[in-house]
Amino acid sequence: MQVKCAIVDDNSSDLKTLESCIRKCSFETSVSFDIQQFSLPSDPKIMENHFSLYILDIDMPEMTGFELATLLFKVNPKTTVMFCTQHDQLVFESLKMNAFYFIRKSFLQEDLEAALRKFIYTYLRDYTEYVIKSSNGITVIPLSEITYFESLHNDLLIHTNKKTYKERKTLSQVIQEIPSDLFLRINKSQIVNTQFIRSFDGESVLLTTDEKLYIPRRSIREIKEKFLRLHMR
């Protein structure tokens, strides 16, 4: 899965460093970034290209990062903006701007990594979909609504809060199609959306839907560790 990302910074060295850090993070997730760099906040392509993520320096000539963010939010109130600056004291001002994250240039690698992991999880959860193709047509389900996938005989069951869908597909095929940053395989026949996991109880996982799903005893520790790694990103 690819995400369009715009980096806006009048410092060419910082632009290169930011892009390098983003690409490094891409290797460790199921998401890759299509990155475009801009040294001038007034570049019209920033507004025209509708990026999924904007990383803005705050202190820039012609227009500050705050001013550019205001323009972006007017076009799309749901725009995802991260501010990146060497002025740590501006963190409170950035919160007023509804920034997704505040990245300190003095801790660039550490802050950017945490910001991107949070963004990737949120993006996969809220903006991606699962497509079912059948003789009856195409059904599109937001991944955020899928509680778990289940293999039953030769069918695949897609469970949501509202209903269960069915298609002819293997669990192995599904694993290739869904983001590993969001779903966790708990046994041979079930893959769970981690945002619906409420707790682990002995040899089972309890979902927010009050369903209990079995976990093989030999796999409990490994699955818990995977779950913690996903949610500590």
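Refer to the structure presented above.
Below is a short write-up of the structure. (Residues numbered from 1 in each chain as written. Predicted model: local features only at pLDDT ≥ 70, side-chain atom pairs only at ≥ 80, totals over all residues. Heavy atoms only, no water.)

## Quick word on the sheet that holds strand β9 (residues 155-160)
Hydrogen bonds along the backbone pair up the strands of a sheet, which may run parallel or antiparallel. Operational definition: Pairing between strands is defined by DSSP: at least two bridges between the two strands are required. The numbering of helices and of strands both runs from the N terminus, where a helix is a DSSP run of H or I of at least 4 residues and a strand a run of E of at least 2. The angle between two axes is taken between their N-to-C directions and runs from 0 to 180 degrees, where each axis is a line fitted to C-alpha atoms and a helix contributes only its stretch in contact.
Spatially, five strands are ordered β10-β9-β8-β12-β11 in an open sheet, and the strand pairing comes out antiparallel. If you trace the sheet from one side to the other, it starts and ends with β10 (164-167) and β11 (183-185), each paired once. Adjacent strand axes in the sheet meet at a mean angle of 20°, parallel and antiparallel pairs treated alike. Note that strand β8 (residues 146-152) and β9 share six bridges and pair antiparallel. When the bridges of β9 are listed, glutamate 150 appears paired with leucine 157.

## What about the environment of serine 189?
The condition that has to hold: The rule is simple: take the accessible area with a 1.4 Å probe, protein chains only, and divide by the maximum for that residue type; under 20% is buried, over 50% is exposed, in between is partly exposed. The contact criterion used is simple: two residues touch if any of their non-hydrogen atoms lie within 4.5 Å.
Relative to the helices and strands, serine 189 is located in the loop between β11 and β12 (190-193). The exposure class assigned to serine 189 is partly exposed, which follows from its relative accessible area of 27%. Through-space distance from the C-alpha of serine 189 to that of phenylalanine 66 is 49 Å; in sequence the pair is 123 residues apart. Setting aside chain neighbours within four positions, we find serine 189 in contact with Phe149, Glu150, Ser151 and Leu171.

## Some points on the pattern of salt bridges
In plain terms, the rule: We define a salt bridge as a contact between a side-chain nitrogen of Lys or Arg and a carboxyl oxygen of Asp or Glu at a distance within 4 Å.
The final tally for this structure, using the stated rule, is 14 salt bridges. Here aspartate 201 ties to lysine 212 by a salt bridge, and the two come within 2.8 Å at their closest N and O atoms. In this pair, aspartate 201 is assigned in strand β13 (residues 197-201) and lysine 212 in strand β15 (residues 212-214), connecting sequence segments 11 residues apart. Arginine 221 serves as the salt-bridge partner of glutamate 225, at 3.4 Å between the closest nitrogen and oxygen. In this pair, glutamate 225 and arginine 221 both sit in helix α7 (residues 220-231), four residues apart, roughly one turn of the helix. The exposure class assigned to glutamate 225 is partly exposed, which follows from its relative accessible area of 36%. Members of the salt-bridge network, linked through shared partners, are Asp9, Asp14, Asp57 and Lys105.

## Digging into the sheet that holds strand β1 (residues 2-8)
Strand order across the open sheet formed by five strands is β2-β1-β3-β4-β5, with parallel pairing between neighbours. Across the chains shown, the open sheet's two edge strands, defined by having one partner strand only, are β2 (32-38) and β5 (101-104). Here the average twist between neighbouring strands, direction ignored, is 20°. Note: strand β3 (residues 53-57) against strand β4 (residues 81-85), four bridges, orientation parallel. Paired with leucine 56 across the two strands is phenylalanine 83, which belongs to β4. On top of the sheet, helix α5 (residues 108-127) reaches β1, β2, β3, β4 and β5; it is set at about 160° to β5, its chief contact.

## Some points on the side chain of aspartate 155
Where we set the bar: A 3.5 Å cut-off defines polar contacts: any pair of N or O atoms within that distance qualifies, except that in protein one atom must be a possible hydrogen donor and the other a possible acceptor, and neighbouring residues in sequence count only when both atoms are side-chain atoms.
On the secondary structure map, aspartate 155 appears in strand β9. Among the polar contacts listed, one links the side chain of aspartate 155 to the side chain of arginine 168, at a separation of 3.2 Å. Once residues lying within four places of it in the same chain are set aside, the contact partners of aspartate 155 are Glu150, Lys166, Glu167, Arg168 and Lys169.

## Points about the state of the cysteines
We apply this condition: Pairs of cysteine sulfur atoms within 2.5 Å are identified as disulfides in what follows.
Scanning all chains against the criterion turns up zero disulfides. We note that cysteine 84 lacks a disulfide partner, and the nearest cysteine sulfur, in cysteine 21, lies 9.1 Å from it. In this structure cysteine 84 comes out as buried when scored by relative accessible area, which is 1%.

## Description of α5
Our working definition: Expected helix span is computed as 1.5 Å times (number of residues minus one).
Relative to the 28 Å expected for 20 residues at 1.5 Å per residue, α5 spans 27 Å between its end C-alpha atoms, a close match to the ideal helical length. If you check which residues of α5 are buried, you get Leu108, Asp111, Leu112, Ala115, Leu116, Arg117, Phe119, Ile120, Tyr121, Thr122, Tyr123 and Leu124.

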